[in-house]
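# Architecture at a glance
As a plain string of letters, each chain reads:
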Amino acid sequence: MSAAAEAGLRRILAVVDLLGEAVDEESLVPALLPLLLAAVPGDSIVWSPRPGSADRPLTLPPGLLTDDIREAFARESTADALVAHTTLGPGTPMRRSTLQTPAEFHALAAYTDVYRPCGSEHQLAMSFPAGHADGMPRQVCVAFSRRTSDFSDDDVAAAALLRTRLSHVLGRLAPPTPVPPPVTRRESAVLALLARGLTNQQIAHRLAISPRTVDKHLEHAYAKLRVGGRVEAANAWLTRSPAAARPGP
């Protein structure tokens, strides 16, 4: 292995070490960006999660994307083949030069309004599954940029190695929200009577069970409905259907 290859491998392993120690995404990403930019050397990097992030994309150097540049990107990026690859395509690491000639790139409105002001003459971009946000699957797009020389095959290979590990770690840090188990028929009956204003003693008498059993049914139902008490449970149950307050069998 050449000295350059060994140095590149060390940079990748530094990223992997950080990922192994990650406990939350908020602290991970700011520490991660410099390591990624060392593993795939460039002048800048943009980390853009979507959907699920109300914040602007994270960049190194910071403040790379002004409001004007972000607005221009939102307006003009649909005509960009590299953006299409990361949003609609497979998202594997891709050099811009693989998709279009310099003349085609410079003809884009986004080149004038977005890429040239950012010094992005050459780009390598990728996207990958990154866990969930607000109950929805999420992706992260990472774009490396250079002002002068293009990215090499080794850079593409390094990005591919990192892509798999990034996706795995972010999936661990942002898992899907567990779906609660369904309410049972007996719990439904208890909730329906609760929603009609009956006490636990009255519910127990109606259903021919003990008040203690009513308590257990409500405890389980609270967890499934994600509520903390009787009033919340009654309101949640009444919103399920117009007939929700009718007692079950």
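Summary of the structure given here. (Residues numbered from 1 in each chain as written. Predicted model: local features only at pLDDT ≥ 70, side-chain atom pairs only at ≥ 80, totals over all residues. Heavy atoms only, no water.)

## Some points on the pairing of strand S5 (residues 136-146)
For S5, a buried count of 8 out of 11 residues is recorded, marking the element as mostly surrounded by other parts of the structure. Pairing of strand S1 (residues 44-50) with S5 involves 7 bridges; the strand directions are antiparallel. Residue pairing across strands places Trp 47 opposite Val 142, the latter belonging to S5. Looking at chain direction, strand S4 (residues 122-133) and S5 are connected through 10 bridges and run antiparallel. Bridge pairing in S5 links Ala 133 to Met 136. (Buried < 20%, exposed > 50% of the residue type's maximum accessible area, 1.4 Å probe, protein only. Helix = DSSP H or I, 4+ residues; strand = E, 2+ residues; numbered from the N terminus. Pairing = 2+ DSSP bridges.)

## Some remarks on helix H3 (residues 67-76)
Among the residues making up H3, those that are buried are Ile 69, Ala 72 and Glu 76. Buried residues along H3 cover an arc of 65° about the axis, so they all sit on one side. Its buried side turned inward, H3 meets helix H7 (109-118). (Arc of directions from axis to C-beta. Contact = heavy atoms within 4.5 Å.)

## Observations concerning the pattern of salt bridges
In total, this model carries 8 salt bridges according to the counting rule given. For Glu 76, the salt bridge is made with Arg 75, and the minimal N-O distance between the two is 3.5 Å. Note that Glu 187 is salt-bridged to Lys 224, the shortest N-O span being 3.0 Å. Of this pair, Glu 187 sits in helix H9 (residues 185-195) while Lys 224 sits in helix H11 (residues 211-225); the two residues are 37 residues apart in sequence, bridging distant segments of the chain. When sorted by exposure, Glu 187 lands in the same class as Lys 224, which is buried. (Salt bridge = Lys/Arg side-chain N within 4 Å of Asp/Glu carboxyl O.)

## Concerning the side chain of Arg 96
In this structure, Arg 96 sits in helix H5 (residues 96-99). Note on Arg 96: relative accessible area 3%, which makes it buried. For Arg 96, the side chain forms a polar contact with the side chain of Gln 123, separated by 2.5 Å. When near neighbours in sequence (up to four residues on either side) are disregarded, Arg 96 contacts Asp 80, Leu 82, Phe 105, Leu 108, Tyr 115 and Gln 123. (Polar contact = N/O pair within 3.5 Å; in protein donor to acceptor, adjacent residues only side chain to side chain.)

## Observations concerning the packing of aromatic side chains
Applying the stated criterion to the full structure yields 3 aromatic pairs. Taken together, a centroid distance of 6.2 Å and an interplanar angle of 65° make the contact between Trp 47 and Phe 128 edge-to-face. One end of the pair, Trp 47, is in strand S1; the other, Phe 128, is in strand S4, and 81 residues separate them in sequence. In this pair, the class of Trp 47 matches that of Phe 128, namely buried. On the basis of an interplanar angle of 70° and a centroid distance of 4.9 Å, the ring pair of Phe 105 and Tyr 111 is categorised as edge-to-face. The exposure classification of Phe 105 matches that of Tyr 111, with both residues buried. Three or more aromatic residues joined by ring pairs make a cluster, and in this case those are Phe 105, Tyr 111 and Tyr 115. Taking the ring centre of Tyr 115 as reference, the NZ or CZ of Arg 96 above it sits at 4.7 Å. Geometry around Phe 151 places Arg 146 over its ring, the cationic atom sitting 4.1 Å from the centre. (Phe/Tyr/Trp six-rings, centres within 6.5 Å; stacked < 30°, edge-to-face > 60°. Lys NZ or Arg CZ within 6 Å of the ring centre and 35° of its normal.)

## Section: the pairing of S4
The two faces of a sheet get side chains in turn, since along a regular strand they alternate between them. Most of S4 sits out of view: 9 of its 12 residues are buried. Both strand S3 (residues 94-95) and S4 contribute to a ladder of 2 bridges, which runs antiparallel. In the strand pairing of S4, Arg 95 is matched with Leu 124. Between S4 and S5, which follow one another and run antiparallel, lie 2 residues, and Asp 134 among them has a positive phi close to 55°.

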